[in-house]
Amino acid sequence: MARYGTEESSWESNAVLSGDTVGLTEVRKLSEVAVSAMESGENERGGPAPSGGPALVAQRFDERLAPYLPEVGVGGEAALSQMVSAVSSGSVNPADPSCIAHLHAPPLAMAAVADLAASVLNPSLDSWDQAPSTSHLEQRIGRLIADLAFGHEHGDTLMTTGGTESNLVALLLAREHFERIRPGSMRLVCADNAHHSVARAAWILGLSEPVILPTDGRTLQPEALDRALDRIDGPAVVVATAGTTDTGDIDPLREAARTARKHSAWFHVDAAYGGFLLFSERYRDCLEGLHEADSVTMDLHKFGWQPLAAGLLCVSDRRRLRLLDVRADYLNADDDTEAGFPDLLHRSIRTSRRPDVLKVAVTFRALGRSGLGAMVDRCCDNTLEIAEHIRAKMDLPFEPNISTVLFRPSAVRSLSPATADHVVSETRRILLERGRAVIGRATLPAKQSAGTATRTYLKFTVLNPWTDTTRLVPLLDEIEDVASSVSERVRKE
Ligand SMILES: *Cc1c(COP(=O)(O)O)cnc(C)c1O
């Protein structure tokens, strides 16, 4: 008889710690429960996404799981089983070929399990005494990624929560760098194709109004960059993109680097998407000029197939990381540092920090550079094939970049621009609400002659190396069918 509550609800019988003597046995048992729950949730969903749309998905979830904080708990096994199966049945599955909207990668099984190990061991990378081996591992992996990015050994890499944090820290480093060598408030210069997190980082840091350059519709124009930098009388940070979110476009990095250098600006490349073309012997040349950057954002939760999160910020001169130095006696006292205990606090703007490096290290060791390169190649090659197939039946505005392809169903060809946009958007929503497919959308500037300023496209982002033409043909047919019936309906209205 337990001392508190009933046997099942006693906190003492449920509060087994993962690292306790009996902990790993419990972890093994509960992992089995969670995996079975994922299987049953997956079967229940039976497709890439839950059907019914936001209200119904929320309602089903509440009916199953409320109250979320019961007065008396149900126990670990029951809670895991109920919660994980409900979450799984209500999730989208990025490993399904029809889940193809975003830079939302299907994670590798081994990386997901490495994340479980990271959670059980729970090292925290804010001090060596909480993370003796993972802090070392992070340094090793960080240096090798920087070597890959810059082609020399002076760089280093910080692990972040993703491209958003990486871009923020890059701008922070640039500002602190100039603070010490060149007075005046730093201006951000980027093209209008830059990720929203870039202007947001400038906002968070309180920088003055960014200079946003118009593109030629796709990529940054080096001459426009040159003219903009001419007009800035003070320090500047230039941000170019390698793999835009909407179109996968890569800015002309070499010219941008040269222009930035001419004006003594900090050159940052947001390669959150395209950075790991570096793994590929065939595609890495697309990143020519990347090695001239002062800092580079990359995301291993895109190409890299890591569970969230696995963001990176590479810096070409690791001494500059000292700009993030901060002293907290309980974590990095001077006498500890002098005695040889690594000071880790300047490796992040966070304090407590997960060892995201563990899953990355497992993946690198398991697949090697060539294995990862082959996965990148496969995604890019498959995208080209898929585009060929689309071109034969639908409308393709331009050749795909990296692994992104934009298109419109042929059913909208004869519609007015506004109506066509409407049909495209609705087609995407219908497939999502039916749980049939998760497809992206992108809005592009229209060609000069067209009536409205922008056009809406459907978007495939191929991050699944197993997604090929064969698997996508049925989806393309279904998209065309839905678009065609929506067009019919709209015509009659
Ligand atoms: C994904 C992406 C980001 C944002 O990265 P998160 O990991 O989502 O924070 C920034 N820039 C580009 C170009 C991206 O593709």
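In case you missed it, the structure is sitting above this.
Every value quoted in this text rests on a predicted model; they were computed, and no experiment measured them.

Colleague: Explain the overall build of the chain to me, and be specific about the residues and the numbers.
Modeller: For the chain, the helix and strand inventory stands at 15 helices and 10 strands. Taking 23 Å as the expected radius of gyration for a compact globule of 493 residues, we find that the chain reaches 25 Å, a close match to that expectation. If one aligns the C-alpha atoms of the chain with their principal axes, the spans along those axes are about 80 × 65 × 40 Å. Burial analysis of the chain (493 residues in total) assigns 52% to the buried set. Surface accessibility of the chain: about 23400 Å² in total, with carbon and sulfur atoms responsible for 53%. If the 52 positive side-chain charges of the chain are averaged to one point and the 67 negative ones to another, these points end up 5 Å apart.

Colleague: Summarise the nonpolar core; cite the residues concerned and give the values.
Modeller: The biggest cluster of nonpolar side chains holds 88 residues, and the ones touching the most others in it are Met298, Phe303, Phe460 and Ile479. Among the elements that make up this core, the one with the highest residue count is helix 13 (residues 357-393) (12 residues). Sequence-distant contacts of Phe460, that is, excluding residues within four places in its chain, are made with Ile100, Ile386, Ile390, Ser403, Thr404, Val405, Phe407, Ile439, Leu472, Leu475, Leu476 and Ile479. If you look at the next biggest cluster of nonpolar residues, it comprises 26 residues, including Leu173, Cys190, Leu205 and Trp266.

Colleague: Residue-level account of the packing of helix 3 (residues 53-65) against helix 4 (residues 76-89), with values.
Modeller: It is at 11 Å that the axes of helix 3 and helix 4 come closest, and there the two elements cross at 170 degrees. Put simply, helix 3 runs roughly antiparallel to helix 4. Residues Phe61, Arg64 and Leu65 of helix 3 form the contact with helix 4, whose own contacting residues are Gln82, Met83, Ser85, Ala86, Val87 and Ser89.

Colleague: A description of helix 8 (residues 196-204) should follow, citing residues and the corresponding values.
Modeller: Along helix 8, the residues classified as buried are Ser197, Val198, Ala201 and Ala202. Across the axial projection of helix 8, the buried residues extend over an arc of 145 degrees, all falling on one side. Exposed and oriented more than 90 degrees from the buried face of helix 8 are His196, Trp203 and Ile204. The elements touched by buried residues of helix 8 are helix 7 (163-181), strand 2 (187-191), strand 4 (236-241) and strand 5 (266-271).

Colleague: Quick one: what's the story with helix 15 (residues 469-492), residue by residue and with numbers?
Modeller: Taking 1.5 Å as the rise per residue, helix 15 with 24 residues should run 34 Å; its terminal C-alpha atoms sit 34 Å apart, in good agreement. Inspection of helix 15 places Thr469, Leu472, Leu475, Leu476, Ile479, Glu480, Val482, Ala483, Val486, Ser487 and Val490 among the buried residues, and these make up the whole buried set. Its buried side turned inward, helix 15 meets helix 13, strand 8 (404-407), helix 14 (417-433) and strand 10 (454-461).

Colleague: Explain the packing of helix 14 against helix 15 residue by residue, including any values.
Modeller: Axes are the key here: two packed helices are described by the angle between their axes and the distance separating the axes. Interaxial distance between helix 14 and helix 15 falls to 9 Å at its minimum, and their mutual angle equals 130 degrees. Between helix 14 and helix 15, the crossing angle belongs to the class labelled oblique. In the crossing of helix 14 with helix 15, the sense of the turn from one axis to the other is right-handed. When helix 14 is examined against helix 15, the residues Thr419, His422, Val423, Glu426, Thr427, Ile430 and Leu431 are found in contact with a partner set consisting of Glu478, Ile479, Val482, Ala483, Val486, Ser487, Arg489 and Val490. A class-by-class count of the residues in the contact of helix 14 with helix 15 yields eight nonpolar, four polar and three charged.

Colleague: Account for the site of the ligand, with residues named and values stated.
Modeller: Not every one of the 15 residues close to the ligand is listed here, only the nearest: Thr164, Asp270, Asp299, His301 and Lys302. Take Asp270: an N or O atom from its side chain is 2.6 Å from a nitrogen atom of the ligand. Calculation on the ligand without its partners gives an accessible area of 380 Å², and the protein chains cover 85% of this total. In terms of residue class, the shell around the ligand is built from three nonpolar, nine polar and three charged.

Colleague: Can you lay out the sheet that holds strand 10 for me, pointing to particular residues and giving the numbers?
Modeller: In spatial order, the strands read 8-10-9; together these three strands make up an open sheet with antiparallel pairing. At either end of the open sheet lies a strand with only one pairing partner, and these are strand 8 and strand 9 (440-445). Strand-to-strand twist of the sheet, defined as the mean angle between neighbouring strand axes without regard to direction, takes the value 40 degrees. As judged from the four bridges shared by strand 8 and strand 10, these two strands associate in the antiparallel manner. Paired with Leu406 across the two strands is Lys459, which belongs to strand 10. On the sheet, helix 13 packs against strand 8 and strand 10 and is oriented at approximately 10 degrees with respect to strand 8. Along the sheet, helix 15 makes contact with strand 8 and strand 10, crossing strand 10 at roughly 155 degrees.

Colleague: Describe the side chain of Ser197, and please don't skip the residues or the numbers.
Modeller: Checked against the element boundaries, Ser197 lands in helix 8. The exposure class assigned to Ser197 is buried, which follows from its relative accessible area of 2%. A polar side-chain atom of Ser197 sits 3.1 Å from a polar atom in the side chain of Asn167. At 2.7 Å, the side chain of Ser197 and the side chain of His195 are in polar contact.

What counts, and where the lines are drawn
Residues numbered from 1 in each chain as written. Predicted model: local features only at pLDDT ≥ 70, side-chain atom pairs only at ≥ 80, totals over all residues. Heavy atoms only, no water. Helix = DSSP H or I, 4+ residues; strand = E, 2+ residues; numbered from the N terminus. Rg over C-alpha atoms; globule rule 2.2 N^0.38 Å. Buried < 20%, exposed > 50% of the residue type's maximum accessible area, 1.4 Å probe, protein only. Areas by Shrake-Rupley, 256 points an atom, 1.4 Å probe, with all protein chains shown as cover. Lys, Arg positive; Asp, Glu negative; His and termini not counted. Charge placed at Lys NZ, Arg CZ, Asp CG, Glu CD. Core = buried A, V, L, I, M, F, W, Y, C linked by side-chain atoms within 4.5 Å. Contact = heavy atoms within 4.5 Å. Axes fitted to C-alpha atoms, helices over the stretch in contact; angles between N-to-C directions. Parallel < 35°, antiparallel > 145°, perpendicular 65-115°, else oblique. Arc of directions from axis to C-beta. Expected span 1.5 Å × (residues − 1). Left-handed = near helix turned anticlockwise from the far one by under 90°. Nonpolar A, V, L, I, M, F, W, Y, C, P; charged D, E, K, R; others polar. Near = heavy atom within 4 Å. Polar contact = N/O pair within 3.5 Å; in protein donor to acceptor, adjacent residues only side chain to side chain. Pairing = 2+ DSSP bridges.

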